[in-house]
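# A structural walkthrough
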Amino acid sequence: MNLSALQAEVQANIADTTTATAARITTWLNWAVDRMAREMDWLDLVTLDTTTYDTVASTETVALASTVKHIYDIRYVDTAESSKSRQLIYRPAFFQNRTRPYPPGDATGTPVFYWQVGRTLYFSPIPDASKDLYITMQSWPTDMSSGTDSPSISNADDAIVAGATHQAFLSMPQLDGAEFAAEWLNKFVGLTREANRAERRLGGWRPVLRRHNSMGLHGYRSTDPISDPYNRRGAYAR
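What counts and what doesn't
Residues numbered from 1 in each chain as written. Predicted model: local features only at pLDDT ≥ 70, side-chain atom pairs only at ≥ 80, totals over all residues. Heavy atoms only, no water. Helix = DSSP H or I, 4+ residues; strand = E, 2+ residues; numbered from the N terminus. 1 Å grid on protein atoms, 1.4 Å probe; cavity = no way out; pocket = protein on both sides within 12 Å on 5 of 7 lines; lining within 4 Å. Points joined across faces, edges and corners; volume = space filled by probe spheres on them. Nonpolar A, V, L, I, M, F, W, Y, C, P; charged D, E, K, R; others polar. Pairing = 2+ DSSP bridges. Right-handed = clockwise from strand over helix to strand, strands pointing away. Core = buried A, V, L, I, M, F, W, Y, C linked by side-chain atoms within 4.5 Å. Buried < 20%, exposed > 50% of the residue type's maximum accessible area, 1.4 Å probe, protein only. Contact = heavy atoms within 4.5 Å. Salt bridge = Lys/Arg side-chain N within 4 Å of Asp/Glu carboxyl O.

Turning our eyes to something else, we now look at the environment of Trp31. By secondary structure assignment, the location of Trp31 is in helix H2 (residues 22-39). Taking the C-alpha atoms as reference, Trp31 lies 8.7 Å from Asp143; in sequence the two are 112 residues apart.

Going through the model one piece at a time under the given rule, you end up with two cavities of 30 Å³ or more. Size it by volume and the largest cavity reaches roughly 40 Å³. Looking at the largest cavity, the residues that line it are Asn30, Val33, Asp34, Pro141, Thr142, Asp143, Met144, Pro151 and Ser152. Grouping the constituent residues of the lining of the largest cavity by class yields four nonpolar, three polar and two charged. Considered as a void within the structure, the second largest cavity measures approximately 30 Å³ in volume. Forming the boundary of the second largest cavity are Pro103, Asp106, Ala107, Ser124, Pro125 and Ile126. Residue composition of the lining of the second largest cavity, by class: four nonpolar, one polar and one charged.

A few words now on the sheet that holds strand S3 (residues 68-77). If you trace the four strands from one edge of the open sheet to the other, you get S1-S8-S3-S4, paired in antiparallel fashion. At either margin of the open sheet sits one strand with a lone partner, and together these are strand S1 (46-49) and strand S4 (86-87). As judged from the eight bridges shared by S3 and strand S8 (residues 132-139), these two strands associate in the antiparallel manner. In the strand pairing of S8, Val68 is matched with Ser139.

This part is about the pairing of strand S6 (residues 113-117). Sheet analysis places strand S5 (residues 89-90) next to S6, joined by two bridges and oriented parallel. If you follow Tyr90 over to S6, its bridge partner there is Tyr114. Traced from S5 through helix H3 (residues 93-99) to S6, the parallel crossover comes out right-handed. Pairing of S6 with strand S7 (residues 120-124), which is carried by five bridges, proceeds in the antiparallel orientation. Looking at S7, one finds that Phe113 is bridged to Ser124.

Ile14, Trp28, Leu29, Met36, Trp42, Ile153 and Phe169 are the most contacted members of the largest nonpolar core, which has 33 residues in total. Of all elements in the fold, only helix H1 (3-14), H2, helix H4 (157-171) and helix H5 (181-200) reach the threshold of two or more residues within this core. Leaving out residues up to four positions away in the same chain, Ile14 has contacts with Ala20, Thr165, Ala168, Phe169, Met172, Leu175 and Asp176. Val68, Ile71, Leu88 and Ile135 belong to the second largest nonpolar core, which has 16 residues in total.

In this section: the pattern of salt bridges. As enumerated under the stated definition, the model contains four salt bridges in all. Lys69 is the partner of Asp41 in a salt bridge, and the nearest nitrogen-oxygen pair spans 2.9 Å. Placement of Asp41 in the loop between H2 and S1 and of Lys69 in strand S3 is noted, with a sequence separation of 28 residues between them. One exposure class covers both Asp41 and Lys69, and it is buried.

Right under this line is the structure:
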């Protein structure tokens with residue numbers, strides 16, 4: 001469904017054509033999609049960026065845009081000397097800081113490791129050339145604005161409408177039916193989980209790497225979640 005059709009569904013649910021303007025309903029619909037993205041990862045929001053990010057010679061960092069939710073993997077691509085192209089290995093910042101406390105003191109070279117602090121990526125060794133970075137990432141949704149726009153998350157229109165309806169009743173408790181706001185929230189949560197479960201059965205989905213307790217109280221975090229056997233149970237803690 002496009003934005004116009006989603007607006008009509010919310011309008012029908014709240015039975016209001018005066019206070020709930022199209023602009024407000026659009027905001028509520030976008031908020032619903034944003035809430036879904038904050039809680040879960042979606043295949044529709046997985047992107048491969050091959051043009052935005054490049055290393056800079058003798059520069060340790062690359063800044064990430066606010067549209068990046070989190071990183072799945074990074075490839076350093078040297079089109080002139082393909083033997084130097086590689087998938088970079090993720091290291092937690094605390095581990096990298098312990099092993100290389102002063103990166104500028106080390107020799108520059110072809111990067112091997114990366115880590116992230118806030119919205120900044122760090123590389124080790126510090127790059128000695130300007131090269132492409134191919135980054136597979138989970139992005140944040142793009143807001144709908146035109147009537148022909150569709151949500152960034154597909155096959156979840158019922159959840160998006162339920163989330164927007166819940167927000168409408170919270171914003172306008174004077175409306176008839178506002179006493180059912182909690183039911184609309186439950187519907188939104190249930191439909192969102194249902195839609196996301198369907199995606200997890202697809203081959204392209206995998207969990208986001210997080211700490212889990214397979215090795216005791218201190219937890220364990222791998223630099224390679226695909227091949228590491230300790231991550232196959234999927235016991236990821238938020």
